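# Per-entry structural report
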Amino acid sequence: MSIAFPAPNADVVARREAIIEGLSALVAPEALVTTEDERRAFETDGLTAYRKMPLAVVLPSTTQEVSAVMAFCHANGVPVVARGAGTSLAGGAIAQEDAIILGVGKMTRILDLDFANRTARVEAGITNLAISGAVAHEGFFYAPDPSSQLACTIAGNIAMNSGGAHCLKYGVTTNNLMGVTLVTNDGTVVEIGGAHLDAPGYDLLGLICGSEGQLGIVTEATVRILRAAEGARPALVGFSSVEDAGACTAAIIAAGIIPVAIEYMDREAILITDDFAKAGYPRDAAAMLIIEVEGSDEECEDMLARIEAIAARFNPTSIRVSKSEAESAAIWKGRKSAFGATGRISDYICMDGTIPTGQLGHVLERIEAICAEQGLRVANVFHAGDGNLHPLILFDINKPGELQKAEAAGDAILKLCVEVGGCLTGEHGVGIEKRELMRFQYAQADLEQQMRVRNVFDPAWLMNPAKVFPLEGRVAA
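Residues numbered from 1 in each chain as written. Predicted model: local features only at pLDDT ≥ 70, side-chain atom pairs only at ≥ 80, totals over all residues. Heavy atoms only, no water.

Our next topic: the overall build of the protein. For the protein, the helix and strand inventory stands at 17 helices and 20 strands. For 477 residues, the compact-globule estimate of 2.2 N^0.38 gives 23 Å, and the protein sits close to it at 22 Å. Every one of the 477 residues in the protein was classed for burial, and the buried ones make up 56%. For the protein, the proportion of contacts with a sequence separation of at least 24, taken over those separated by at least 6, is 71%. Total accessible area on the protein stands at roughly 18700 Å², and carbon and sulfur atoms take up 52% of it. If you average the places of the 38 positive and of the 60 negative side-chain charges in the protein, the two averages end up 3 Å apart. (Helix = DSSP H or I, 4+ residues; strand = E, 2+ residues; numbered from the N terminus. Rg over C-alpha atoms; globule rule 2.2 N^0.38 Å. Buried < 20%, exposed > 50% of the residue type's maximum accessible area, 1.4 Å probe, protein only. Contact = heavy atoms within 4.5 Å. Areas by Shrake-Rupley, 256 points an atom, 1.4 Å probe, with all protein chains shown as cover. Lys, Arg positive; Asp, Glu negative; His and termini not counted. Charge placed at Lys NZ, Arg CZ, Asp CG, Glu CD.)

Our focus in this paragraph is the environment of glutamate 373. Mapped onto the secondary structure, glutamate 373 falls in helix α14 (residues 360-373). Spatially, the C-alpha atoms of glutamate 373 and alanine 409 are 8.5 Å apart, while their sequence positions differ by 36 residues.

Now for the packing of helix α9 (residues 242-254) against α14. At a minimum axis distance of 8 Å, the contact between α9 and α14 shows a crossing angle of 150°. Relative to α14, α9 is oriented roughly antiparallel. The two elements α9 and α14 cross, and the hand of that crossing is right-handed. Contact residues: α9 offers Val242, Glu243, Gly246 and Thr249, while α14 offers Leu360, Gly361, Leu364 and Glu365. Each residue belonging to the contact of α9 with α14 can be placed in one class, and the counts come to three nonpolar, three polar and two charged. (Axes fitted to C-alpha atoms, helices over the stretch in contact; angles between N-to-C directions. Parallel < 35°, antiparallel > 145°, perpendicular 65-115°, else oblique. Left-handed = near helix turned anticlockwise from the far one by under 90°. Nonpolar A, V, L, I, M, F, W, Y, C, P; charged D, E, K, R; others polar.)

A separate point is the packing of aromatic side chains. Within this structure, the stated rule accounts for five aromatic pairs. Between the aromatic rings of phenylalanine 115 and phenylalanine 140, the centroid separation amounts to 5.3 Å while the plane-to-plane angle is 45°, which identifies the pairing as tilted. Pair noted here: phenylalanine 115 is in the loop between β5 (110-114) and β6 (119-123) and phenylalanine 140 is in strand β7 (residues 140-141), with a separation of 25 residues, a long-range link. Overall, phenylalanine 115 belongs to the partly exposed group, its relative accessible area being 22%. On the accessibility criterion, phenylalanine 140 (7% relative accessible area) is buried. Geometrically, the ring pair formed by phenylalanine 339 and tyrosine 348 is tilted, given 6.5 Å between the ring centres and 50° between the ring planes. Overall, the relative accessible area of 24% leaves tyrosine 348 in the partly exposed class. The aromatic ring of tryptophan 461 is capped on one face by arginine 454, whose charged end is 4.0 Å from the ring centroid. (Phe/Tyr/Trp six-rings, centres within 6.5 Å; stacked < 30°, edge-to-face > 60°. Lys NZ or Arg CZ within 6 Å of the ring centre and 35° of its normal.)

Where helix α2 (residues 16-24) meets helix α4 (residues 63-76), the closest approach of the two axes is 10 Å, and the angle between their N-to-C directions is 155°. One way to sum up the angle between α2 and α4 is to call them roughly antiparallel. Between α2 and α4 lies a crossing of right-handed hand. Across the interface between the two elements, Ile19, Gly22 and Leu23 from α2 touch Val69, Phe72 and Cys73 from α4. Class assignment for the residues of the contact of α2 with α4 results in five nonpolar, one polar and no charged.

Moving on, we get to the nonpolar core. Of all hydrophobic cores here, the largest spans 58 residues; its most connected members are Ile252, Tyr264, Leu389 and Ile393. When residues in this core are grouped by element, the largest group, eight residues, is from helix α15 (residues 402-419). Residues contacting isoleucine 252, with those up to four places away along its chain left out, are Ile257, Pro259, Ile262, Ile291, Ile307 and Ile310. Of all hydrophobic cores here, the second largest spans 55 residues; its members include Ile20, Val104, Ala221 and Met463. (Core = buried A, V, L, I, M, F, W, Y, C linked by side-chain atoms within 4.5 Å.)

An order of β1-β2-β4-β3 is seen for the four strands of this open sheet, with the pairing classed as mixed. Here the strands that pair on one side only, and so sit at the sheet edges, are β1 (32-33) and β3 (80-83). Strand direction decides the pairing type here: β3 and strand β4 (residues 100-103), joined by four bridges, are parallel. Paired with alanine 82 across the two strands is leucine 102, which belongs to β4. (Pairing = 2+ DSSP bridges.)

Summed over the entire model, instances satisfying the criterion amount to 21 salt bridges. Arginine 121 is the partner of glutamate 191 in a salt bridge, and the nearest nitrogen-oxygen pair spans 3.2 Å. Taken as a pair, glutamate 191 in strand β9 (residues 189-193) and arginine 121 in strand β6 lie far apart in primary sequence, 70 residues in all. A salt bridge links glutamate 327 to arginine 320; its shortest N-O distance comes to 2.8 Å. On the accessibility criterion, glutamate 327 (22% relative accessible area) is partly exposed. Its relative accessible area of 27% is what places arginine 320 among the partly exposed residues. Bridged by salt links that share partners, the residues Glu36, Arg40, Glu43 and Arg51 form one connected network. (Salt bridge = Lys/Arg side-chain N within 4 Å of Asp/Glu carboxyl O.)

Keep in mind these numbers describe shape, not what the thing actually does.
As C-alpha cells, this is what we get:
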C-alpha cells in the first residue's frame, strides 16, 4: 500500500481482551462487535483500496453511552475512530489494530422539530435524507445533499463539512448547522451553539464542523430546515468541448445568476451514467451541464431563458429543459448515481479538490492530460457552480501497479487545484488520502498552528490519530 499507517501501539493490542471486557460493561452485548468476521464489515470505508482491522467496534445508543466509552478509552490510552455510515471517500473512518471504532449508526432519533423557528434537532446517526423526509409533510427540507445522502449520516456530514449538488445556492453543512452536542476525548459532554442564529463567544461550531472526528464525537445536532421552493426545473445543456462547458459555467455565475445547482459531466461520465439511469443525456456531447433553477413557474421561465441566452454564446450541441417531474427525477437520478454507475464498470478513485470557477476550462484540460500520461481514463462529474471537482480516475485493481498510477494521477490533480488558487478538498475531507499533501498547501508553521489547536482538545492524539496531518513532523502537546 502506498499510503502509510503508523505502527499500532503494541501495548494496547496486548491488552485487547481486557479492553473488550471493560467496554462490555458500558454497552449492551449487541452493541459490541469483537469477532473477526463481524469486525471485517468495519475494516474499510468508501476508500476501499485500504483496509485495517479495528480492535473492536462499539455502537452506542445514547450520548451517555458515548460519554462512558470515551472516558474509558481516555483512561486506558485507546485510540478512537468515529464512524457514521462509512461512506468517507478519503479513508476518514478507517481504524487500526490498536483502535476501536465508535459508530453512531444506532442513534437515529428525531429529537425536536420546530417549524416556526425552522430548526430540527436530531441524533447524529440519522441519515441526511431522513431529515428532509421527517419535515417534508410541512413543506420543509434539509438543504445539503451529498450524492450518498440516502446512506450518509449527519455525523459524517459534520465531520467532513459535506456539500452536495445544491450547495451553490444553499451552502454546505457549516452553513446549515446551528449547534451540536459534543463528547470530548475524556467523556465530557458539552453543548456548542444551539437553536438560534448566532451563538455568543468564539465560533467553536465552525471549528468542530470539518474537524474529521479529531476534536470530539458529535452525538446530536441542531440543523436549519428551509421552506421548499414552489417548484424546480433542471435543464441539460450539451457542449462540443470541455472548455465551452467550463466557460459557460463561469459566465452564468459572472452574470449574477445563482441557480440552485450547476453540475458538470464529461463524455465519459455522460455515457456511464446514461447507460445506468437511462436519463436521456446528450451522448454525443463532449461535456454537459445540469442547471437547475427554482421558484414560481414565472421565475423559473425567466431564469432559464437568461441561462439559455448565455449558453448560446458557447456553441451548445443541445439544450433541453425538463417538462415534468418524472423527467426531472430521471435527470437527477443519473447525476446522483454517478459514483455507483461508475463502480459497475471499473475500479476508481474519486478525487475532491476545489478551484476558482474561472479556471475550470484549463484545469479540466490538464486533468485529462494527467490521467492520459498514466495510461488511465477519467470521468469528470462535479459541482461546477462552486468549482468543487470530483474526477473519477478509472483503473483495474487486478493489474499490478495500476492503483499506484491512479494515486499518482490523483496527487497531481490535487496539486494542480492548489496551484490555480484552490484547495485540496471541498467536502470529502483529508483523511489518509490527502494527509501527506497537506504540506503542499500549508507551510510548516501553518500546520503546526493547526496541530496546536487539535492538541487543546486531544493532547494524547487518541482521536482519529492517523488522519489529516502528515505523520512526520507532528507537534506534541
